[in-house]
Amino acid sequence: MFKTIVIVDDEVHIRALLEQTLEELEGEPRIFTAVNGVEGITLIERERANLVFLDVMMPLMNGYEVCAAVRGNPDLADTTIVMLTAKGQESDRTRGLEVGAHHFVTKPFDPDEIIALAQKILTVS
Amino acid sequence: MGTDNPDLVEALEAENLMLREEIRVLRGTAEVADHPIAEQLEIMTAVFDSSTAGIAFIKDRIMVRANNKLEELFGYDSGELHGQPTRCWYPDEESYRTVGEAYSNLAKGNIYRQEMQMQRKDGSRFWSRLSGRALYDDLSRGSVWMVEDITFEHEAAEEILQTKEEMAAIFETSTFGVALVKDRVMIRANKKLEELFGYGPGELHGQPTRCWYPDEASYRIAGEAYYELARGNTAHLTMQMRHKDGSLFWSRLSGRTISSNLLHGSVWTVEDFTVEHEATEAVLKAKDAAEDAERKLRDSYMELEKTNQRLQKLDQMKSDFLSSVSHELRTPLTSIRGFSQLIEREFVRSFAPLTNGDAGLEKKVLRVQENLKIILKESERLTRLINDVLDLAKIEAGRTEWRDAPIQVADFMRDAVNATYGMFEQKPEITLQLDIQPDLPIIIGDADHLLQVLVNLINNAVKFTDSGSIMIHAFLNSDSLIQIEIRDTGIGFPPEDAEAIFDKFQQSMHGDTLQDRPKGTGLGLAICREIINRHGGRVWAQSQPNHGSTFTLTLPAATKPPTSPVSVGGIAPVSDDDRTIVSDRSQGKPKVLVVDDDPGIRDYFAQLLQEQGFEVATAMDGQMALSAARGFAPDLITMDLAMPVMDGRTAIALFRADPELHNIPIMVISAIPDWEAAGGDAAMGKPPNEELFIKNIRSLLNQPTTNNTETTETVHFLMLYDGEHAPTTVPKAYAAWCEVDFCTVRELPTRLCAGFKGMVAIPVDLLSQVDISLLNADPSLKVMVLPVVAVES
């Protein structure tokens, strides 16, 4: 069965970068992208995403809110959330943990790191 | 009677008889001739008897007759002087002779007058005025003498003379100028006065006093002093007077009338006090200057306060700005880095194999790969730079979240070595030596940040060393500080750069262009220094080019080196066998421990609190506070934050971790901007408002310890918040005995009118909007100022 990954980021280049990076994953997962939190939560729910890359600072609905919404949905109990945070913002991490994020990747991130992390998560789930 | 001359007596008696006969005849004649002579005689006899002067009729210097007064004067009995020679009047032969010589004058019809000393019968002397006249200008007919006792008169005269002499002496030797003035003309002036005004001897005599004054106005002002004088008062004036040469001098002028009568003239003293005046002026000026300085200081303090507030606001803005800049910079950086990596991978995988052995193409493939690596490396460097800039900015702005905890030096050094292990693996030429003194005391600090420092220093050492060794040595130095040295055998740097390398964007140029580009961000050591300083330590470097360098840091030890086996977890439990603290809060004065490194502030708080009836002990740093608290068992602690040896934040952490001391309320009083985050029960900025300070202390003292809640009444809190936002402040933790309600500043009066009783908690940032005097006026209200804690939602 194909795994589903949703990328939620308002930056077009970051979405492209993540998309291209994740294309290299084994098992050809399906990849969806959303440009804001609202679109993101819709996609995640619709596609029952296995893995979500979630930016924190976004218009309409920020990453924490999206994360909290995902965690509040029992249908999405298996969805793993990786938050993309800025370094030096320890409070981001704390809040992320509070709303139920599983992993944190600090921008700027290393594509190899993303692939390794995603591979691990998708293999386990 | 001394009359051993019977012949003389006989002769005298005969004469007497003759005289009586003569008198009788004369009386008879006088009676006949309308008695004019008899009357004259009667008058003379009356004079003779009633005179207040002694009178004697003398012939050949023998008293033929003497009146009662004369006998009285000389102390003889009545009639005793009769027939006596006048020699008995005189104390010595000489005065007797002197008077005797005057007789020749009497013969010429003159009256003799002399003041002299005479002698009484008992030998005592008295001053007398003696006068004599011969009868019919013929000595042979005898002479009449009068003797007056002028002792009093004489003494008075003597006294006057004496006084005059004394006055003259005073007058002339006085260090004041003295003038006797009549109608504003100098009748007399002493030498000093002449000197003062620069006149020659006698030159002032008869001069009007106008010459004393520089102008008409001051002459008139001095003239008004005469009204004072007329009322019998002494006049005192301080004014400038004029020297003969026209120069001015400051003088003190005092005047008084003679015999309380202006008509008798007045006496004036003049004192030159130019020097004194100048000194006084100087003192006044200095005082003015001091007051001015004080005012300026106060002004600049207010200004500073304002600036401080503004800066805090700016600081917040800066912080927010940095946070968004950080985000904004990272996004493009992520793209640059990520896509370069993707391109490189794609290029190597898909395009590089297409060269088909074409040497030109292969060369280009290599070039492209190299260039991509440069982009990657530089983007990594840019990332580090952004991280470091943010780190430093946060530390400098005091916005770094420090998580202080006890740290075992050995553990944290091993962590650092593990973190840098990768670097050593890349440089197998370098050996690592680790030497950690056993049983080192614990330090209190933020483990992550301290690790960052150590990793940075070790990284640097590896970076600048190509072969040899890196030695890390940790030990307790002679100042009881924990000292960590990182010594390498690398390229080193010139000693004169030892300070500069800790500056931002400063890297030693190593004296040549060997280093084509800096290997780090140029901020690492600046960050290290900030972190170590914040922990109350020091970091410095020593080096010689090509002889390696040594980076040394010291950190204050939190505890004394344990003598028993090291206690895991840091703090050795305090045995309470010998000094169990029984804190009896219901009796005696409440005890306050004042902790501050500034002796002036310690004294000030101690005095203030003692006046308020508290028992006070003081400590000058966190470490002393901990040991003092065990012995003194305070009911409350006031805690400064920035202190040497152990800062307040660390001390509070240790107080909170100590089973014996964790209940003591701590009030943070500090000037450093993030005092609110230090973990105290309340906090006040420095300098605190005295009234609020005491109020807060009382509020905290009324607060019972949390472990006897059952005996406690509920305390009602009314927490103020900014109406436009959610409550800006919430108490860190409030116990069951607290009932907390929230209210906006605007609502406050209504709530008070509605009868709220209890504690009004005011976040410090809202303090300016609240009328504290209103709250203070109501005894059922207590005011507590709270530090601001950002709410996370």
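Scroll up a little and you will see the structure.
Residues numbered from 1 in each chain as written. Chains lettered and ligands numbered in written order. Predicted model: local features only at pLDDT ≥ 70, side-chain atom pairs only at ≥ 80, totals over all residues. Heavy atoms only, no water.

Regarding the overall build of chain A
Here's step 1: Per the secondary structure count, chain A includes 5 helices and 5 strands.
Here's step 2: Reading the secondary structure of chain A in the N-to-C direction produces β-α-β-α-β-α-β-α-β-α.
Here's step 3: By the burial criterion, 52% of the 125 residues in chain A qualify as buried.
Here's step 4: Sequence separation of 24 or more characterises 61% of the internal contacts of chain A that already satisfy a separation of 6 or more.
Here's step 5: For chain A, the accessible area works out to roughly 5700 Å², and carbon and sulfur atoms hold 51% of it. (Helix = DSSP H or I, 4+ residues; strand = E, 2+ residues; numbered from the N terminus. Buried < 20%, exposed > 50% of the residue type's maximum accessible area, 1.4 Å probe, protein only. Contact = heavy atoms within 4.5 Å. Areas by Shrake-Rupley, 256 points an atom, 1.4 Å probe, with all protein chains shown as cover.)

Things to note about the interface of chain A and chain B
Here's step 1: Taken residue by residue, the interface counts 23 residues in chain A and 22 residues in chain B.
Here's step 2: Roughly 2100 Å² of surface becomes buried between chain A and chain B when both sides are summed, with 55% attributable to carbon and sulfur atoms.
Here's step 3: Notably, a salt bridge pairs glutamate 24 of chain A with arginine 345 of chain B, separated by 3.6 Å at the nearest N-O pair.
Here's step 4: Counting every contact that joins chain A to chain B gives 4 residue pairs in polar contact (both at pLDDT 80 or more).
Here's step 5: Of all the elements in the fold, those that place two or more residues in the side of chain A that touches chain B are helix H1 (12–22), helix H4 (90–98) and helix H5 (111–124) of chain A. (Buried area = accessible area lost by both parts, 1.4 Å probe. Salt bridge = Lys/Arg side-chain N within 4 Å of Asp/Glu carboxyl O. Polar contact = N/O pair within 3.5 Å; in protein donor to acceptor, adjacent residues only side chain to side chain.)

Considerations on the packing of helix H13 (residues 447–463) of chain B against helix H14 (residues 524–534) of chain B
Residue and element names in this part refer to chain B.
Here's step 1: Between H13 and H14, whose axes approach to 9 Å, the crossing angle comes to 145 degrees. As for the relative orientation of H13 and H14, their crossing is left-handed in sense. Taken together, the residues of H14 that come into contact with H13 (itself represented by His449, Leu450, Gln452, Val453, Asn456, Leu457 and Asn460) are Gly524, Leu525, Ile527, Cys528, Ile531 and Ile532.
Here's step 2: For the contact of H13 with H14, the per-class residue count stands at 8 nonpolar, 5 polar and no charged. (Axes fitted to C-alpha atoms, helices over the stretch in contact; angles between N-to-C directions. Left-handed = near helix turned anticlockwise from the far one by under 90°. Nonpolar A, V, L, I, M, F, W, Y, C, P; charged D, E, K, R; others polar.)

Some details on a nonpolar patch on the surface
Here's step 1: There is a patch of nonpolar side chains on the surface, built from Leu311, Leu314 and Met317 of chain B and spanning about 300 Å² of accessible area.
Here's step 2: Its place among the elements puts leucine 314 of chain B in helix H9 (residues 274–351). (Patch = residues over 30% accessible without salt bridge, like charges linked within 9 Å, V, L, I, M, F, W, Y side chains within 5 Å.)

Describing the nonpolar core
Residues and elements named next belong to chain B.
Here's step 1: Of all hydrophobic cores here, the largest spans 45 residues; its most connected members are Met413, Leu454, Ile484 and Leu553.
Here's step 2: At 8 residues, the largest contribution of residues to this core is made by H13.
Here's step 3: Residues in contact with isoleucine 484, not counting those within four places in the same chain, are Val409, Phe412, Met413, Leu454, Ile472, His473, Ala474, Phe551, Thr552 and Leu553.
Here's step 4: Counting residues in each nonpolar core, the second largest holds 35 residues, with Leu609, Leu700, Val745 and Ile772 among its members. (Core = buried A, V, L, I, M, F, W, Y, C linked by side-chain atoms within 4.5 Å.)

Description of helix H4 (residues 93–101) of chain B
Working note: α-helix, 3.6 residues per turn, so residues spaced by three or four point in the same direction.
Residues and elements named next belong to chain B.
Here's step 1: Every buried residue of H4 is listed here: Ser95, Tyr96 and Val99. Along the long axis of H4, the arc covered by the buried residues comes to 105 degrees, so they all point the same way. Residues of H4 that are exposed and point over 90 degrees away from its buried face: Glu94 and Glu101.
Here's step 2: Where the residues of H4 are buried, they touch helix H5 (103–107), strand E3 (112–119), strand E4 (125–134) and strand E5 (143–149). (Arc of directions from axis to C-beta.)

Quick notes on the packing of helix H16 (residues 622–632) of chain B against helix H17 (residues 648–657) of chain B
Residues and elements named next belong to chain B.
Here's step 1: Closest axis-to-axis distance for the H16/H17 pair is 8 Å, and the angle between their directions is 30 degrees. Taken together, H16 and H17 sit at an angle that is classed as roughly parallel. Viewed along their axes, H16 and H17 form a crossing whose handedness is right-handed. Facing H16, whose interface residues are Gly622, Ala625, Leu626 and Ala629, H17 presents Ala651, Leu654 and Phe655. (Parallel < 35°, antiparallel > 145°, perpendicular 65-115°, else oblique.)

Let's talk about the sheet that holds strand E14 (residues 468–476) of chain B
All names here are of chain B.
Here's step 1: What the 5 strands build is an open sheet, ordered E12-E14-E15-E17-E16; its pairing is mixed. Of all the strands in the sheet, just strand E12 (430–436) and strand E16 (538–543) have a single pairing partner and so form its edges. The sheet shows a mean angle of 10 degrees between the axes of neighbouring strands, direction not considered.
Here's step 2: Sheet topology note: the E14/strand E15 (residues 481–488) ladder contains 7 bridges and is antiparallel. Considered in E15, the bridge of isoleucine 472 is made with isoleucine 486.
Here's step 3: Helix-sheet contacts for helix H11 (residues 409–419) involve E12, E14 and E15, and the interaxial angle to E12 is about 170 degrees. (Pairing = 2+ DSSP bridges.)

A few points about the packing of aromatic side chains
Residues and elements named next belong to chain B.
Here's step 1: Summed over the entire model, instances satisfying the criterion amount to 15 aromatic pairs over all chains.
Here's step 2: Ring geometry for phenylalanine 197 against tryptophan 212: centres 5.6 Å apart, planes inclined by 10 degrees, an arrangement best described as stacked. With phenylalanine 197 in helix H7 (residues 191–197) and tryptophan 212 in the loop between H7 and helix H8 (216–230), this residue pair connects regions lying 15 residues apart in the sequence.
Here's step 3: Judged by relative accessible area, phenylalanine 197 falls into the buried class, the value being 0%.
Here's step 4: With relative accessibility at 1%, the residue tryptophan 212 sits in the buried group.
Here's step 5: An angle of 65 degrees between the planes, with centres 5.5 Å apart, marks the rings of phenylalanine 197 and phenylalanine 249 as edge-to-face. In this pair, phenylalanine 197 is assigned in helix H7 and phenylalanine 249 in strand E9 (residues 248–257), connecting sequence segments 52 residues apart.
Here's step 6: Overall, the relative accessible area of 6% leaves phenylalanine 249 in the buried class.
Here's step 7: Among the aromatic residues, those joined into a ring-pair cluster are Phe74, Trp89, Tyr90, Tyr96 and Phe126.
Here's step 8: In this arrangement the basic side chain of arginine 65 is found over the ring face of phenylalanine 48, its NZ or CZ atom lying 4.5 Å from the centre. (Phe/Tyr/Trp six-rings, centres within 6.5 Å; stacked < 30°, edge-to-face > 60°. Lys NZ or Arg CZ within 6 Å of the ring centre and 35° of its normal.)

Focus: helix H2 (residues 37–47) of chain A
All names here are of chain A.
Here's step 1: Inspection of H2 places Gly37, Gly40, Ile41, Leu43, Ile44 and Glu47 among the buried residues, and these make up the whole buried set. Buried residues along H2 cover an arc of 165 degrees about the axis, so they all sit on one side.
Here's step 2: Summarising the contacts, the buried residues of H2 are in contact with strand E1 (4–8), strand E2 (30–34), strand E3 (51–55) and helix H3 (63–71).

A closer look at the pairing of strand E7 (residues 185–189) of chain B
Residues and elements named next belong to chain B.
Here's step 1: Sheet topology places strand E6 (residues 177–182) next to E7; 4 bridges connect them, and they run antiparallel. Bridging across to E7, lysine 182 finds its partner in valine 185.
Here's step 2: Taking the residues between adjacent antiparallel strands as the criterion, E6 and E7 are bridged by 2 residues, where aspartate 183 takes a positive phi near 50 degrees.

Considerations on the pattern of salt bridges
Residues and elements named next belong to chain B.
Here's step 1: Per the stated rule, a full pass over the model turns up 33 salt bridges over all chains.
Here's step 2: A salt bridge links glutamate 153 to arginine 129; its shortest N-O distance comes to 2.4 Å. With glutamate 153 in helix H6 (residues 151–173) and arginine 129 in strand E4, the pair connects residues that are 24 residues apart, well separated along the chain.
Here's step 3: Of the charged contacts, one joins arginine 381 and glutamate 378 as a salt bridge, the two residues approaching to 3.5 Å between their closest N and O atoms. In this pair, arginine 381 and glutamate 378 are both assigned in helix H10 (residues 359–396), 3 residues apart and thus about one turn of the helix distant.
Here's step 4: By relative accessible area, which is 24% here, arginine 381 ends up partly exposed.

Quick look at the environment of threonine 209 of chain B
Residue and element names in this part refer to chain B.
Here's step 1: The topology assignment puts threonine 209 in the loop between H7 and H8.
Here's step 2: Take threonine 209: its relative accessible area is 2%, and that puts it in the buried class.
Here's step 3: Separated by 25 residues in sequence, threonine 209 and arginine 184 have C-alpha atoms that sit 5.5 Å apart.
Here's step 4: Leave out the neighbours within four places in its chain, and threonine 209 touches Val181, Arg184, Val185, Met186 and Tyr219.

Description of the pairing of strand E19 (residues 615–619) of chain B
Residue and element names in this part refer to chain B.
Here's step 1: Two strands pair when backbone bridges link them, and strand E18 (residues 591–595) and E19 are joined in this way by 5 bridges, in the parallel orientation. By the bridge assignment, valine 594 is partnered in E19 with threonine 618.
Here's step 2: Taken together, E18, helix H15 (residues 599–611) and E19 form a β-α-β motif whose crossover is right-handed. (Right-handed = clockwise from strand over helix to strand, strands pointing away.)

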